[in-house]
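# Remarks on the overall topology
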Amino acid sequence: MAQRPVEQEQERLLEEAIAVVKEQAFFMKKAIDNDNLRDSLKHGSNMICELRTSLLSPKNYYELYMHVFQELQHLGSFFQEPARVKRRMSELYESVQHAGNILPRLYLLITVGAAYIKSREAPAKDILADMTELCKGVQHPMRGLFLRYYLSQMCKDKLPDVGSEFEGEDSGSLEDAFDFLLTNFAESTRLWVRMQHQGAVKDRVRRERERLDLRVLVGANLVRLSQLEGMTVEYYKDTALPKIAEQVVVCKDALAQQYLLDCIILVFSDECHLASLDQFLSLAMKVQPGVDLNPVLVNLMTRLCNFLKQNPEALPGGTDLFDLFRTHIDEVVSRPLSTGATAGSSPLGLGDSSTSSATANGAGGSNPMTLPALLELLCSFLHFCLELFPERTEYIDHVLGSAATLVQRNKAALEAEEESDPDGPAEGRGTAVGAVVELLAAPLSRISLSIVDLAHYPSLMNCLSLRVRKKVAASMVAGVVASEATLSEPRPVERFFLFVSPLVSDEKEAGAPAAPPQTEADKEAFAKEQEQVARVVHLIKHEDTDVCFQMLRTAANAFKKGGPHRRTFVLPPLVTRALQLVPLVHARELHAAQGGGVQAPASSVKKVLQFAHTTCTELVQCNAELGLRFFLHCAITADKADLAQPGAFEPICYEFLTQALVCYEEELSDSRAQFQSLTLLVGTMVSAIHCLENDNWDTMAAKMAQHSTKLLRKQDQCRALLMASTVFWGNAQRRDAVRVTECLQKCLRIADVAMQSSNAHAILFVDILDKYIFYVEQKCDAIDPQVVGQLISLCAENLAFCDSGAWEGGTLVV
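Right, let's walk through the structure included here. (Residues numbered from 1 in each chain as written. Predicted model: local features only at pLDDT ≥ 70, side-chain atom pairs only at ≥ 80, totals over all residues. Heavy atoms only, no water.)

## A short note on the environment of L377
Relative to the helices and strands, L377 is located in helix α18 (residues 371–388). Among residues more than four places away in sequence, those in contact with L377 are N294, L297, V298, M301, I329, V332 and M369. (Helix = DSSP H or I, 4+ residues; strand = E, 2+ residues; numbered from the N terminus. Contact = heavy atoms within 4.5 Å.)

This is how it looks when you write it as structure tokens:
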């Protein structure tokens, strides 16, 4: 509530001052219209006197200044017309110095001085030097700063710059223009710094904010310096930057130094920065300890990176960008960290001003940058290296090594942050954990699987908690999958699965094993995560089947560390990739046996199928239905291999089918799952298996018929037995019509019993009729056409009474 009266008072004072300015400006312009020099100077002086106030805040003072500045342009234009002024410029220049108050005197002096230079009646360098010295008469920080700003504005187009109309042997040169701007910059900086040390200590926070409002008045001098036509790369490197750097170091104020460093980066050209990079970085290391170098170095790296990406030839020969930044960034990172909770806030920010004022004086002599700030600096350096030197993995590894050393040195701070953030690191929150995650994730987008060659990658990753490592591993897997990079070497595959071990193994954290997800949301997230890991298996490829099989075994060893809830997702792609290898390995074996100059594979087809068998057995323990399906896939693959080499793989094919039946008998108890599995078994036998010997075929067929009759529901028994009957007929070399007839007759009895419980089961007779007709068409001699006719009549009778419920049973003679 106290803030509002202060604002109202400021508004009142500003309105009164502007009213006086407008009134005096009116009389001044009226005198100018009458060519009355004396009255125009008098009213101009009265108008400028309003700038003598100390009651206005910098923001309101700036608004008042702009009103005065605009009105003074009319007076300046008047002075540039000698016919109207009717006095020589030298006389006018002398006369305005007799004004009673120093502030109006100097504003009028600058206004006349600008016209004096324009008239070229005297050397520009002498007038500029004189005005610069006279302006030292105003030492009030705010009034003096605005006066210097006015001097810079009025003379910015009247400097003896290269190619300027004011350049000459007598009127001045580039050196004179540079000295004028540099002196004005130095004096402005001193005045700006002095604002901090005036007034009571309790008002320090307010003064700090006021200084921030006025920083543009200081930076304007650097902007004008950068606009000099003579500001070549050589001149900047040899003359300008050393003198500017001297002024930056001399001011000994953290807030001023940080702003000036940022300003230098922004206003001077990229070519200048590249030519003088070592000088600038050395300057950054000499500033007060309270300066936050993170935004300074980040801005510099960002600007140079963008420039060099578009102009790679602009890099000077012999300049090692990485080494220059590495040397100075390592120096920053090696400094002791500040222990303050908010010590990392930038002096130029508007966050915690009490902290900002403390750092502005460089108190304590320690690094103002916290752990998150330093890690963000290393993140920026890493992005810099990835953009400009993506092929130099040693550069990336060095940055990661620096980060690992920094985190290990401050492990307690990282652990405390993780404990206080149970939901994990959030992007854009400026946390140390979030910065480490970005350091680990950034290389993936540029160098993909080359990260496995980085020695410090796992050491940095191990600094994080298991929860956070899972997030990093998930981003790593997602990056590899998105890039569709090929895992083609055993060593990188081994290291990759080591990196993503939090996703494939049930590690312990806080003394407890990792538990399966409980909520639906957790289950969905877990499934998505493991599906990404499963996709990685399909990226394992190599022309040499032995190498590819070795990598699959490496992945299998990594997956063994996970629990059943993980292996359900990751084992199926292992089996799939192994089965895809079988025809390639078999082709190599056949070519080698034929003496085609092809070396026989070290891993034979039988070894690959044995690997698939072992993996399917593990899968059964995690998901019986899925394991059964993959046993059948393996049987189909073995059958195809047997076609090229008859008899060689028949026992293996039979073993896979047997294991599928064992899985059915021992692991499946749900009736619906049993029915679906029988459907798969029958479909596989009938459509894809051709190599089984007759005894083995009969055994499998009998087992399927037997299991069909043991299903819980009668309708399932009937339909499953109908399907099982096709196994006795599916083998073209050995068709058993008698067993087919037995199955069909048993189906009729089962359907008859089912009808006793519900008329809706009458449809079973239609299914049986359909199968009878199928076998008739297949010319099965054991099927009596008369029976088919009786079955048609029975179906019609049953269906007619289904809705009425009056069915009492029918009789079919078979």
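## Observations regarding the side chain of S188
Within the element layout of this structure, S188 appears in helix α9 (residues 174–194). A relative accessible area of 1% means that S188 is categorised as buried. (Buried < 20%, exposed > 50% of the residue type's maximum accessible area, 1.4 Å probe, protein only.)

## Focus: the nonpolar core
Formed by 275 residues in total, the largest nonpolar core has its most connected members in F325 and L375. Of all the elements, α18 adds the most residues to this core, at 13 residues. Not counting residues within four places of it along the chain, the set of residues in contact with L375 comprises A403, L406, V407, A432, A435, V436 and L439. (Core = buried A, V, L, I, M, F, W, Y, C linked by side-chain atoms within 4.5 Å.)

## Let's talk about the packing of aromatic side chains
On inspection of all chains with the given rule, the structure shows 30 aromatic pairs. Consider the rings of Y65 and Y150, whose centres lie 6.5 Å apart with planes at 85°: the pair is edge-to-face. With Y65 in helix α3 (residues 58–79) and Y150 in helix α8 (residues 141–155), this residue pair connects regions lying 85 residues apart in the sequence. Here Y150 falls in the buried class, since its relative accessible area comes to 0%. Ring geometry for F322 against Y395: centres 3.8 Å apart, planes inclined by 5°, an arrangement best described as stacked. Remark: Y395 occurs in helix α19 (residues 393–409) and F322 occurs in helix α16 (residues 321–334); sequence separation between them is 73 residues. Ring pairs connect the aromatic residues Y61, Y62, Y65, F69, Y107, F146, Y149 and Y150, which therefore count as one cluster. Its guanidinium or amino end placed over the ring of F774, K771 lies 5.4 Å from that ring's centre, counting from NZ or CZ. (Phe/Tyr/Trp six-rings, centres within 6.5 Å; stacked < 30°, edge-to-face > 60°. Lys NZ or Arg CZ within 6 Å of the ring centre and 35° of its normal.)

## A few points about the packing of α16 against α19
Between α16 and α19, whose axes approach to 11 Å, the crossing angle comes to 5°. The pairing of α16 with α19 is recorded here as roughly parallel in orientation. When α16 is examined against α19, the residues F322, R326, D330, V333 and S334 are found in contact with a partner set consisting of Y395, H398, V399, S402, L406 and R409. Its residues assigned to classes, the contact of α16 with α19 comprises five nonpolar, three polar and three charged. (Axes fitted to C-alpha atoms, helices over the stretch in contact; angles between N-to-C directions. Parallel < 35°, antiparallel > 145°, perpendicular 65-115°, else oblique. Nonpolar A, V, L, I, M, F, W, Y, C, P; charged D, E, K, R; others polar.)

## So, unusual backbone geometry
Phi at K86 is positive, roughly 65°, even though this residue is not glycine. Checked against the element boundaries, K86 lands in the loop between α4 (82–85) and α5 (89–95). With phi around 60°, R120 is a residue other than glycine that occupies positive phi space. Its place among the elements puts R120 in the loop between α6 (102–119) and α7 (124–134). Overall, R120 belongs to the exposed group, its relative accessible area being 51%.

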